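A closer look at the structure
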Amino acid sequence: MVRHLSLPAVLLALASSGCGNQLEPCTEGCPDISGVYAVQNATPVGQCPFSPYLLAPTVQLLQSDNGRKATLDVIDPSSNLEVQLTGDVYARGPGEDSELLGSFQLNSSVVRAASQSDGQPRVLDVSATGSVSLREGRRVLSATLSTTDITNGESTGCSISLAITGEGS
């Protein structure tokens, strides 16, 4: 299985920007990263005894609270219902790629059945981390959607990630 290698490099660069290697959420003058994105690629990595959260073919990244907060809906495969992930928006740091508009970190913890065929309840941490760039006049979304089993209060080490790329309409 091929893994999108540039995404970890982007996320590492985002995490190392700012004061003391700690990424700080945007507080004012936040970048506009909202939009509707057509998912072009969603490559899964990992196998676990539960179904990971998924994305629709088109997703909408919304911003609120003067651009400081972002939300994204993901699909629960065991019920086919949407679950909203909410989190922070981050501005581009000094010296970062000039095409980068901004980034986001979103998460939620949910209790649900392992899958449609396995009714065993699990506590799952669902998170999305990514960035929006401007390339050739089009917005490009690069993100990772992770579903991790935390049933016993801590990670069991079983996690499934989707490396996602999409283009704004």
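Because the structure is a prediction, the values reported are computed rather than measured. (Residues numbered from 1 in each chain as written. Predicted model: local features only at pLDDT ≥ 70, side-chain atom pairs only at ≥ 80, totals over all residues. Heavy atoms only, no water.)

This paragraph deals with the state of the cysteines. Across all of its chains, the model carries two disulfides by this definition. Note on cysteine connectivity: Cys26 is disulfide-linked to Cys30, with sulfurs 2.1 Å apart. Handedness of the Cys26-Cys30 disulfide follows from its S-S torsion of about -115°: it is left-handed. Like Cys26, the residue Cys30 is buried in the burial classification. Residue pairing for Cys48: its cysteine sulfur links by disulfide to Cys158, the two sulfurs lying 2.0 Å apart. Taking the sign of the S-S torsion, about -125° here, the bridge from Cys48 to Cys158 comes out left-handed. Taken as a pair, Cys48 in the loop between strand S1 (35-45) and strand S2 (58-64) and Cys158 in the loop between strand S7 (138-149) and strand S8 (159-168) lie far apart in primary sequence, 110 residues in all. One exposure class covers both Cys48 and Cys158, and it is buried. Each bonded cysteine in the chain gets a number by its place in the sequence, and the pairs come out as 1-2, 3-4. (Disulfide = S-S within 2.5 Å. Buried < 20%, exposed > 50% of the residue type's maximum accessible area, 1.4 Å probe, protein only. Helix = DSSP H or I, 4+ residues; strand = E, 2+ residues; numbered from the N terminus.)

On inspection of all chains with the given rule, the structure shows one cavity of 30 Å³ or more. Empty space within the largest cavity amounts to approximately 50 Å³. Taken together, Leu55, Val59, Leu72, Phe104, Ala128, Leu141, Ala143, Leu145 and Ile164 form the lining of the largest cavity. The biggest single contributor to the lining of the largest cavity is S7, with three residues. (1 Å grid on protein atoms, 1.4 Å probe; cavity = no way out; pocket = protein on both sides within 12 Å on 5 of 7 lines; lining within 4 Å. Points joined across faces, edges and corners; volume = space filled by probe spheres on them.)

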